[in-house]
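Structural features, examined
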Amino acid sequence: MWETVWEILHHSLIDSLKTLPFLFLAYLLIEFLEHHTSGKMEKALAGSGKLGVIFGALLGCVPQCGFSAMAANLYAGRIISLGTLLAVFLSTSDEMVIIMLSQPGHVGQMLVLIGIKIVIAVLAGIVIDFIVKRNSVQGEENIKKLCSGCGCEHGIFLSALKHTAGIFAIVLAANIVLGGLIHLVGEDNLGEFMLSGSFFQPILAALIGLIPNCAASVLITELYLGGAITLSSAVAGLCAGAGVGLIVLFRANRNIKDCVKIILLLFGISAAAGLLLRFFGI
């Protein structure tokens, strides 16, 4: 028994350590960009008008969910439209980009996922704004940028280290859990748990993606790379994964019914997109 446990821990640690240098370099670059461009991006998104949906979809592709939190604040102050908010949420991939970049050989899959998510985000955002037809109004509301205690005030190096350590711990935990499950129940049974072969797998993935934590995107990505879920399910889960943006939305937007409506729209669009891709055999 202990030999099996050690084998699972050993393989999980080795696999996770291989991603460590790539994680740190990626976060170092992201911290540099956030420190030098985040304010400009916020102003650009706020003043993008009818192009907000497209700009929001592209902005959401940036790794981490910081921009989804920013969009939630801007929406709460009615600086951006509902369509733009959903475009950011749907295109947000949280840690997916980092995880795939840290594992050489998956860049192609990463680009495909990002491309599909951008198309879904833009189309959904345009349709929502057309239906709702409520223009964003730029007022004097106090739109506060969130740092969420990330430690960025201490400089990009320490902040990158903190983010790397946090995600490394999650990746290691995910590898241990998945390794343990595969050993205990077998790959076939794990596939059954994730509704492998089922047309409705994207719905389950979308539900997992709604968890407002970066662990959800890590889990979805690892399941996809491990073959437990299909591309269509990965798209559904990652589209629904707005990360802490959902938490910020509830904190900044006092209209609870509006928040619930946004979550239902996010889940519905994500699940529908996944099911549509599944229908076409993707």
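Look a little higher up for the structure.
The present account deals with the structure reproduced in this document. (Residues numbered from 1 in each chain as written. Predicted model: local features only at pLDDT ≥ 70, side-chain atom pairs only at ≥ 80, totals over all residues. Heavy atoms only, no water.)

**Quick notes on the overall build of the chain**
Helix and strand content of the chain: twelve helices and zero strands. Listing the helices and strands of the chain from first to last along the sequence gives α-α-α-α-α-α-α-α-α-α-α-α. Counting every position in the chain, which comprises 282 residues, the buried fraction comes to 49%. Sequence separation of at least 24 residues holds for 81% of the intrachain contacts in the chain that already meet a minimum separation of 6. Carbon and sulfur atoms make up 70% of the accessible area of the chain, which amounts to about 13800 Å² in all. (Helix = DSSP H or I, 4+ residues; strand = E, 2+ residues; numbered from the N terminus. Buried < 20%, exposed > 50% of the residue type's maximum accessible area, 1.4 Å probe, protein only. Contact = heavy atoms within 4.5 Å. Areas by Shrake-Rupley, 256 points an atom, 1.4 Å probe, with all protein chains shown as cover.)

**What to know about the packing of helix H8 (residues 201-209) against helix H9 (residues 214-225)**
H9 packs onto H8 with a crossing angle of 150° between their chain directions and a minimal axis gap of 8 Å. Taken as axis vectors, H8 and H9 run roughly antiparallel relative to one another. In this structure, H8 contributes Ala205, Ile208 and Gly209 to the contact, and H9 contributes Ala216, Leu219 and Ile220. (Axes fitted to C-alpha atoms, helices over the stretch in contact; angles between N-to-C directions. Parallel < 35°, antiparallel > 145°, perpendicular 65-115°, else oblique.)

**Brief notes about the nonpolar core**
Formed by 60 residues in total, the largest nonpolar core has its most connected members in Leu85, Phe89 and Leu113. With ten residues, the top contributor of residues to this core is helix H6 (residues 107-132). Those residues within four positions of Leu113 in sequence are excluded, and the remaining contacts are Met96, Met100, Tyr224, Leu231, Ala234, Val235 and Leu238. Listed in part, the six residues of the second largest apolar core include Val171, Ala174, Cys214 and Val218. (Core = buried A, V, L, I, M, F, W, Y, C linked by side-chain atoms within 4.5 Å.)

**Some thoughts on the packing of helix H11 (residues 245-252) against helix H12 (residues 256-279)**
With their axes 9 Å apart at the nearest point, H11 and H12 run at an angle of 160° to one another. Classed by the angle they form, the pair H11 and H12 counts as roughly antiparallel. In terms of crossing hand, the pair formed by H11 and H12 is right-handed. Residues Leu246, Leu249 and Phe250 of H11 lie in contact with H12, whose contacting residues are Ile256, Cys259, Val260, Ile262, Ile263 and Leu266. Tallied by class, the residues present in the contact of H11 with H12 amount to nine nonpolar, no polar and no charged. (Left-handed = near helix turned anticlockwise from the far one by under 90°. Nonpolar A, V, L, I, M, F, W, Y, C, P; charged D, E, K, R; others polar.)

**Comments concerning the packing of aromatic side chains**
What the rule picks out here adds up to two aromatic pairs. Aromatic side chains Phe199 and Phe200 sit 5.7 Å apart centroid to centroid with 90° between the ring planes, which places their arrangement in the edge-to-face category. On the accessibility criterion, Phe199 (38% relative accessible area) is partly exposed. Relative to Phe280, the ring of Phe279 has its centre 5.4 Å away and its plane inclined at 85°; by these criteria the two rings are edge-to-face. Classification of Phe279 as exposed rests on a relative accessible area of 60%. (Phe/Tyr/Trp six-rings, centres within 6.5 Å; stacked < 30°, edge-to-face > 60°.)

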